[in-house]
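Working through the structure, step by step
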Amino acid sequence: MSLTPEQVRQVAHLARLKLADDEMERMRLQLSSILDHIELLQEVDVTDVPITAQVTDLTNVTRVDAVTSSLPVDAALANAPDRQGDYFRVKAVFDE
């Protein structure tokens with residue numbers, strides 16, 4: 001499947017990418033190649049292949065959620081670049 005330059009421009013716009021003209025052509029060729037491979041994969045008969053969500057026997061390893069004491073305020077703020085009382089002081093996000 002060969003993409004048109006306009007289709008590549010649209011994809012670049014949606015992905016918020018600024019592409020130069022030479023990059024646009026290279027991207028057109030690469031994306032077209034990817035779509036060609038996808039078309040090839042769609043021809044594979046998978047009717048007898050069971051649906052799988054996990055192909056390995058890996059399981060999520062988590063620790064027990066245990067209540068512990070928290071870090072003391074002075075230790076938590078020891079390396080703070082700017083401190084106001086018991087809080088980190090940061091620049092305002094919105095100026096009003």
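How each quantity is defined
- Residues numbered from 1 in each chain as written.
- Predicted model: local features only at pLDDT ≥ 70, side-chain atom pairs only at ≥ 80, totals over all residues.
- Heavy atoms only, no water.
- Helix = DSSP H or I, 4+ residues; strand = E, 2+ residues; numbered from the N terminus.
- Rg over C-alpha atoms; globule rule 2.2 N^0.38 Å.
- Buried < 20%, exposed > 50% of the residue type's maximum accessible area, 1.4 Å probe, protein only.
- Contact = heavy atoms within 4.5 Å.
- Salt bridge = Lys/Arg side-chain N within 4 Å of Asp/Glu carboxyl O.
- Axes fitted to C-alpha atoms, helices over the stretch in contact; angles between N-to-C directions.
- Parallel < 35°, antiparallel > 145°, perpendicular 65-115°, else oblique.
- Nonpolar A, V, L, I, M, F, W, Y, C, P; charged D, E, K, R; others polar.
- Expected span 1.5 Å × (residues − 1).
- Arc of directions from axis to C-beta.

**Considerations on the overall build of the protein**
Helix and strand content of the protein: three helices and two strands. Secondary structure of the protein in N-to-C order comes out as α-α-α-β-β. Computed over its C-alpha atoms, the radius of gyration of the protein comes to 26 Å, more than 25% above the 12 Å expected for a compact globule of 96 residues. For the protein, the C-alpha atoms occupy an extent of roughly 65 × 45 × 25 Å along the three principal directions. For the protein, buried positions account for 8% of its 96 residues. Of the contacts formed within the protein by residues at least 6 apart in sequence, a portion of 34% connects residues at least 24 apart.

**Some remarks on the pattern of salt bridges**
Enumeration over the complete set of coordinates arrives at five salt bridges. Its salt-bridge partner being Arg9, residue Glu6 comes within 3.2 Å of it at the nearest N-O pair. Within this pair, Glu6 and its partner Arg9 are both found in helix α1 (residues 5-14), separated by three residues, close to a single helical turn. Note that Asp86 is salt-bridged to Arg83, the shortest N-O span being 3.8 Å.

**Looking at the packing of α1 against helix α2 (residues 21-42)**
The N-to-C vectors of α1 and α2 enclose an angle of 95°; their axes lie 10 Å apart at closest approach. One finds that α1 runs roughly perpendicular with respect to α2. Across the interface between the two elements, Pro5, Val8, Arg9 and Val11 from α1 touch Met24, Met27, Arg28 and Leu31 from α2. Considered class by class, the residues forming the contact of α1 with α2 number six nonpolar, no polar and two charged.

**Some details on the side chain of Arg28**
Mapped onto the fold, Arg28 is located in helix α2. Sequence-distant contacts of Arg28, that is, excluding residues within four places in its chain, are made with Ser2, Leu3, Thr4, Pro5 and Val8.

**Focus: α2**
For α2, built from 22 residues, the straight-helix expectation of 32 Å at 1.5 Å per residue is met to within 8% by its first-to-last C-alpha distance of 32 Å. For α2, the full list of buried residues reads Met24, Arg28 and Ser32. Down the axis of α2, the sector holding all buried residues measures 70°, keeping them to one side. Facing away from the buried surface of α2 by more than 90 degrees, the exposed residues are Asp22, Arg26, Leu40 and Leu41.

**Regarding unusual backbone geometry**
If you check the backbone angles, Arg16 has positive phi at about 60° while not being a glycine. Relative to the elements of secondary structure, Arg16 occurs in the loop between α1 and α2. A relative accessible area of 67% places Arg16 in the exposed class.

Any functional reading would require information that these geometric values do not contain.
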